[in-house]
Amino acid sequence: MTASKEGVDRTTLTQAVMGATTDMFKMFSVCVEGGRQPDGNGILNPGFCAVVRFSRDVSGQVAVTLSPPIAKALAASVYGPEEAASDQRMKEVVAEVANMIAGGIRNNLQAVGMDFDISLPENISPADNKTASQNGGVSLSFRVNNDGCIVDAHLAPVAAA
Amino acid sequence: MKILVVDDSPFMRQAVIKALSETKYKTAEIAQAGEGKDALKQFKAGGIDWVLCDWNMPGMNGLDFLIEARKIKTPKHVPILMVTTEGTMAKMEQALEQGADRYVVKPFTAADIERGMDLAALKMAAKP
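The residue count restarts for each chain, going from 1 along the sequence in the order it is written. Chains carry letters and ligands carry numbers; both start at the beginning, A for chains and 1 for ligands, and go up in the order they are written. pLDDT decides what is reported in this predicted model: residues at 70 or higher carry local features, side-chain atom pairs at 80 or more are listed and counted, and totals for whole chains, interfaces and linings draw on all residues regardless. Processing note: side-chain calculations cover all non-hydrogen atoms of the structure and skip hydrogens and water entirely.

### A word on the packing of aromatic side chains
In step 1: Geometry of aromatic contacts follows a simple scheme: Phe, Tyr and Trp rings, the Trp one being its six-membered ring, pair when their centres are within 6.5 Å, and the pair is stacked under 30 degrees between planes, edge-to-face over 60, tilted otherwise. One pass over the structure, following the stated rule, counts five aromatic pairs over all chains.
In step 2: Aromatic pair Phe43(B) and Phe65(B): ring centres 6.0 Å apart, planes at 90°, arrangement edge-to-face. Within this pair, whereas Phe43(B) is found in helix H2 (residues 36–45), its partner Phe65(B) is found in helix H3 (residues 62–69), the two being separated by 22 residues in sequence.
In step 3: An aromatic cluster of at least three residues, connected via ring pairs, comprises Phe28(A), Tyr79(A) and Phe11(B). Secondary structure elements follow DSSP: runs of H or I no shorter than four residues count as helices, runs of E no shorter than two count as strands, and numbering proceeds from the N terminus.

Okay, here's the thing in structure tokens:
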């Protein structure tokens, strides 16, 4: 793995995203497989998306998209199966998932010499998530409880003034 | 025993409470705060034995809460555990310097929370 203030290579970023995402899902006792490049079909029903932005030494963001069944499964693992899966609850779930994945990516990349700040998570419409199409980013698909989750991440060094 | 759980995410507060329910601290009374100012108000009112606090929150963040809480004289030391995604060594050192007793990085397990609290309790017991 290589990273520096000049940037981070794609393999390093992919490993950081994979590690952060699988660690996060372990907390919720769900079955997760991944990650790989999305097969083009994406998530059949991309219900909820949240983004966390990177700043200071780098610019970029991580966006997490969860299908409603995954968001519901994560909520149920914390609140119990009886808990009503309201949209508000699902938004809280995906926001916190994005927060933990962003923190994990930052912690993984700090180990290879990069350091940056992360913002508070923000819920956005899945349709507004354009991260995967940006240069230098990675987009990984995970299977969680046999359903889909996509994590898009990109970061680029901030040019010195 | 009363534990104050501080996190702006209701989902994460519930995740911490669920984790606590799987530890030896499961019989504790739980109080909650969604941001630092409310946490500080409850801390000042007294009766809090432990605080488990997030770092990144809108309004007063966890570090500012920690700094303000440590200015308050309490009848006994109240351990404060930071439970946060801020997992870098620099952030951990910063929190410990400001008076945090232990540090638990999200994502966590019930065992991580219990271990953090146990180690904070041991540290307290070792103090003269």
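Now that the structure has been shown, we can carry on.
### Some points on the interface of chain B and chain A
Many authors give the size of an interface as the accessible area that is lost as the parts come together.
In step 1: It only takes one pair of heavy atoms within 4.5 Å for two residues to be counted as in contact. Between chain B and chain A, the residue contacts involve 20 residues of the former and 21 residues of the latter.
In step 2: Throughout, the accessible surface (probe 1.4 Å) given up by two parts as they are put together, summed over both, is called the buried area. Summed over both sides, the interface of chain B with chain A buries roughly 1,700 Å², with 66% coming from carbon and sulfur.
In step 3: Contact with chain A buries surface across chain B, with Phe11(B), Thr85(B) and Pro107(B) losing the most and accounting together for 38% of the total.
In step 4: Every case where a carboxyl oxygen of Asp or Glu lies within 4 Å of a side-chain nitrogen of Lys or Arg is listed as a salt bridge. Linking chain B to chain A there are two salt bridges.
In step 5: With a closest N to O distance of 2.8 Å, Arg106(A) and Glu86(B) form a salt bridge.
In step 6: Definition of a polar contact: a pair of N or O atoms within 3.5 Å, with one able to donate and the other able to accept a hydrogen when the atoms are protein atoms, and with sequence-neighbouring residues admitted only if both atoms are side-chain atoms. Inspection of the chain B/chain A interface yields seven residue pairs in polar contact (both at pLDDT 80 or more).
In step 7: The leading source of residues in the side of chain B that touches chain A is helix H1 (residues 10–21) of chain B, at six residues.

### Notes on unusual backbone geometry
In step 1: Cis geometry marks the peptide bond from Lys106(B) to Pro107(B), where omega comes out at -5°.
In step 2: With respect to the helices, strands and loops of the structure, Pro107(B) is situated in the loop between strand E5 (102–105) and helix H5 (110–126).
In step 3: Despite not being glycine, Arg56(A) has its phi angle at roughly 85°, a positive value.
In step 4: Tracing the backbone shows Arg56(A) in the loop between strand E4 (48–55) and strand E5 (58–66).

### Focus on the side chain of Arg89(A)
In step 1: Turning to its location among the elements, Arg89(A) is positioned in helix H3 (residues 87–110).
In step 2: Ignoring sequence-local partners within four residues, the contact set of Arg89(A) consists of Ala75(A), Tyr79(A) and Glu83(A).

### Observations concerning the environment of Leu81(B)
Residue and element names in this part refer to chain B.
In step 1: Mapped onto the fold, Leu 81 is located in strand E4 (residues 80–84).
In step 2: Summary of the burial criterion: residues with accessible area below 20% of their type's maximum are buried, those above 50% are exposed, and those between are partly exposed, where the area comes from a 1.4 Å probe applied to protein chains only. By relative accessible area, Leu 81 is classed as buried at 0%.
In step 3: Each C-alpha atom, one on Leu 81 and one on Ala 95, is 9.4 Å from the other, the two residues being 14 residues apart in sequence.
In step 4: In contact with Leu 81, not counting residues within four places along its chain, are Trp 50, Val 51, Leu 52, Cys 53, Arg 102, Val 104, Ile 113, Gly 116, Met 117 and Ala 120.

### A short note on the confidence of the model for chain A
In step 1: Summary of the metric used: pLDDT quantifies the predictor's per-residue confidence within the range 0 to 100. In this model, chain A carries a mean pLDDT of 81, and residues with pLDDT of at least 70 account for 80%.
In step 2: Mean pLDDT values for the elements of chain A range from 51 in strand E1 (residues 3–4) of chain A up to 95 in strand E7 (residues 122–124) of chain A.

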